[in-house]
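# Fold and geometry: a report
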Amino acid sequence: MRSTSTSPTEIASEEEQNYDKISDLKAFDETKAGVKGLVDAGITKVPWIFFSPEDEFDKVSDPGKNELYVPVVDLDGVEKDTILRKNIVDIVQDASETWGFFQVINHGIPDTVLEEMLDGVRRFYEQDTEVKKEWYTRDGSKTVVYNSNFDLYRAGSANWRDTTYCNMAPNPPSPDELPKSCRDILVEYSRKVRELGRFLFELLSEALNLNPSHLIDMDCAKGLAILYHYYPACPEPELTLGASKHADYDFLTVLLQDHIGGLQVLHQNQWVDIPPVPGDLVVNIGDLLQLISNDKFKSSQHRVLANNVGPRVSVASFFTTGLMPSSKIYGHIKELLSQDNPPKYKETTVTEYSLHYNAKGLGGTSALLDFRL
């Protein structure tokens, strides 16, 4: 849990009149070196643009918190054993309804692939800054978008991380469109995580008492974006966050994280750690799946703490077509409605929702609330 001994809000307000936030944001952005550039320069104090306000749930102290654990789903043998599959579907259903998160083990992606993917992330961020700058952009239409804080100019505070976004499906990029430092493993990892994603959508469809192919037939697995993050060690981690409180804007996210830790999910009004386990993957429900399931499944708020140990690296696989132009309308799944469960959300396209989410940024209220009827 973050320390609350120092209030970034109070510190910032003392010298607010001397603080030109936009100027500082631009100066940081124009370095094209991200947060890693600050750390490489030997910074010992967190700049004000990164100060995060205290979270209301930081003040909740529950001695039983450490007894809460995100459900674990073991996929070993699930495809061959119908009884085991039914048991696993029940676990997935309960996790998706109550947590919005679960961890998967024996998922079929070899540990060697997971480790090489994390190594590829490190190679990208730790290469020569001038080479890395070639990928730095805020043009979201590009195949590869590297920057620090997609919502830098909109969020209340910047996060202590750098991110690269790669559109991998439905239109796979050619190898020369991807960074040389990690292109081969990006292609391989994307292929394997797409296979896993399709299987997870089958289980989620069954958890909704639908045909196993229902969500796949709705094109929930059509798009895939790989976001790989780099969280440098932070000199004052109590003042900022690696990632502000947010839910994901996609249908489903599959997360690979290294050994550092820091991921937390908001559950029962308290922050619960999701500690890294070698070889496992973390899965969470996205806003669009909550929307089409009419609140049957839950897209939970989560965040990443800053740490004085690092760098932390992670790879988030977002099942979404994102900003790709599409006129396909998504609304409630009619089989899930009843007189007691009428539609709760306006219909939308993936593009419309993604644009709205990006404009809103992280750290505020859920973008999904703006689509409630």
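Residues numbered from 1 in each chain as written. Predicted model: local features only at pLDDT ≥ 70, side-chain atom pairs only at ≥ 80, totals over all residues. Heavy atoms only, no water.

### Side note on helix 5 (residues 111–125)
Between its first and last C-alpha, helix 5 extends 22 Å over 15 residues, near the 21 Å set by a 1.5 Å rise per residue. Where helix 5 is concerned, the buried positions are Val113, Leu114, Met117, Leu118, Gly120, Val121, Phe124 and Tyr125. One side of helix 5 holds all its buried residues, which, seen down the axis, span an arc of 150°. Turned more than 90 degrees from where helix 5 packs its buried face, Asp111 and Thr112 sit exposed. (Helix = DSSP H or I, 4+ residues; strand = E, 2+ residues; numbered from the N terminus. Expected span 1.5 Å × (residues − 1). Buried < 20%, exposed > 50% of the residue type's maximum accessible area, 1.4 Å probe, protein only. Arc of directions from axis to C-beta.)

### So, the pattern of salt bridges
Under the counting rule described, the total for this entry stands at 16 salt bridges. Residue lysine 360 is joined to aspartate 370 by a salt bridge in which the shortest nitrogen-to-oxygen separation is 3.2 Å. Of the two residues, lysine 360 is situated in helix 10 (residues 350–360) and aspartate 370 in the segment after helix 10; the sequence distance between them amounts to 10 residues. Exposure remark for lysine 360: the relative accessible area of 29% places this residue in the partly exposed category. Owing to a relative accessible area of 34%, aspartate 370 belongs among the partly exposed residues under this scheme. (Salt bridge = Lys/Arg side-chain N within 4 Å of Asp/Glu carboxyl O.)

### Concerning the packing of helix 5 against helix 7 (residues 183–207)
Contact pair helix 5 / helix 7: the axes reach a minimum separation of 10 Å and the direction vectors enclose 135°. Viewed along their axes, helix 5 and helix 7 adopt a mutual orientation that is oblique. As helix 5 runs across helix 7, the sense of the crossing is left-handed. Within the contact between the two elements, helix 5 uses Val113, Leu114, Glu116, Met117, Gly120 and Arg123 and helix 7 uses Ile185, Leu186, Glu188, Tyr189 and Lys192. (Axes fitted to C-alpha atoms, helices over the stretch in contact; angles between N-to-C directions. Parallel < 35°, antiparallel > 145°, perpendicular 65-115°, else oblique. Left-handed = near helix turned anticlockwise from the far one by under 90°. Contact = heavy atoms within 4.5 Å.)

### Re the sheet that holds strand 9 (residues 270–273)
Pairing is antiparallel in the open sheet, where 4 strands are placed in the order 6-11-8-9. At either end of the open sheet lies a strand with only one pairing partner, and these are strand 6 (241–246) and strand 9. Strand-to-strand twist in this sheet, taken as the mean axis angle between neighbours without regard to direction, amounts to 30°. Sheet topology places strand 6 next to strand 11 (residues 302–305); 3 bridges connect them, and they run antiparallel. (Pairing = 2+ DSSP bridges.)

### Details of the UniProt feature "domain: Fe2OG dioxygenase" (unreviewed entry) in the protein
Residues given the UniProt feature "domain: Fe2OG dioxygenase" (unreviewed entry) here are residues 222–322. For residues 222–322, the end-to-end C-alpha separation is 11 Å, with 6% helix and 46% strand making up the annotated structure. (UniProt positions renumbered as here; feature names shortened; annotations may be inferred.)

### With respect to the side chain of threonine 321
The residue threonine 321 is located in the loop between strand 12 (312–319) and helix 10 in this model. Setting aside residues no more than four positions away along its own chain, threonine 321 makes contact with Pro170, Lys222, Gly223 and Val350.

### Comments concerning the nonpolar core
One finds Leu75, Tyr189, Phe201, Tyr228 and Ile292 to be the most contacted residues of the largest nonpolar core, which totals 92 residues. The element contributing the most residues to this core is helix 7, with 11 residues. Sequence-distant contacts of tyrosine 189, defined by excluding residues within four places in its chain, comprise Val113, Leu114, Met117, Ile226, Leu256, Leu281, Val315 and Ser317. One finds Val46, Leu152, Trp160 and Cys234 within the second-largest nonpolar core, a separate group that totals 13 residues. (Core = buried A, V, L, I, M, F, W, Y, C linked by side-chain atoms within 4.5 Å.)

### Some details on the pairing of strand 8 (residues 263–267)
Of all 5 residues in strand 8, 5 are buried; the element is thus mostly enclosed. Of the strand pairs in this sheet, strand 8 and strand 11 are connected by 3 bridges, and their pairing is antiparallel. Its bridge partner being in strand 11, glutamine 264 is matched across the sheet by arginine 303. For strand 8 and strand 9, the ladder comprises 4 bridges, and the chain directions are antiparallel. Within strand 9, the residue paired with glutamine 264 across the bridge is aspartate 273. With antiparallel pairing between neighbouring strands as the criterion, strand 8 and strand 9 make up a hairpin whose turn holds 2 residues, including glutamine 268 at a positive phi of roughly 55°.

### Things to note about the sheet that holds strand 10 (residues 281–285)
With respect to topology, 8 strands assemble into an open sheet ordered 1-2-10-7-12-5-4-3, the strand pairing being mixed. Two strands lie at the open edges of the sheet, namely strand 1 (72–74) and strand 3 (144–147), each paired on one side alone. Across the sheet, the mean angle separating the axes of adjacent strands is 20° when strand polarity is ignored. Inspection of the sheet shows strand 4 (residues 162–169) paired to strand 5 (residues 224–231) by 7 bridges, in the antiparallel sense. Paired with cysteine 166 across the strands is isoleucine 226, a residue of strand 5.

### Regarding the environment of proline 172
With respect to the element layout, proline 172 can be found in the loop between strand 4 and helix 7. With a relative accessible area of 60%, proline 172 lands in the exposed category.

### Describing the packing of aromatic side chains
The final tally for this structure, using the stated rule, is 14 aromatic pairs. A ring pair is formed by phenylalanine 124 and tyrosine 146, whose centres lie 5.5 Å apart and whose planes are at 85°; its orientation type is edge-to-face. With phenylalanine 124 in helix 5 and tyrosine 146 in strand 3, this residue pair connects regions lying 22 residues apart in the sequence. Of the two residues, phenylalanine 124 and tyrosine 146, both sit in the buried class. For the ring pair tyrosine 125 and tyrosine 146, a centre distance of 6.0 Å and an interplane angle of 70° mean the geometry is edge-to-face. Taken together, the residues tyrosine 125 in helix 5 and tyrosine 146 in strand 3 connect sequence positions 21 residues apart. (Phe/Tyr/Trp six-rings, centres within 6.5 Å; stacked < 30°, edge-to-face > 60°.)

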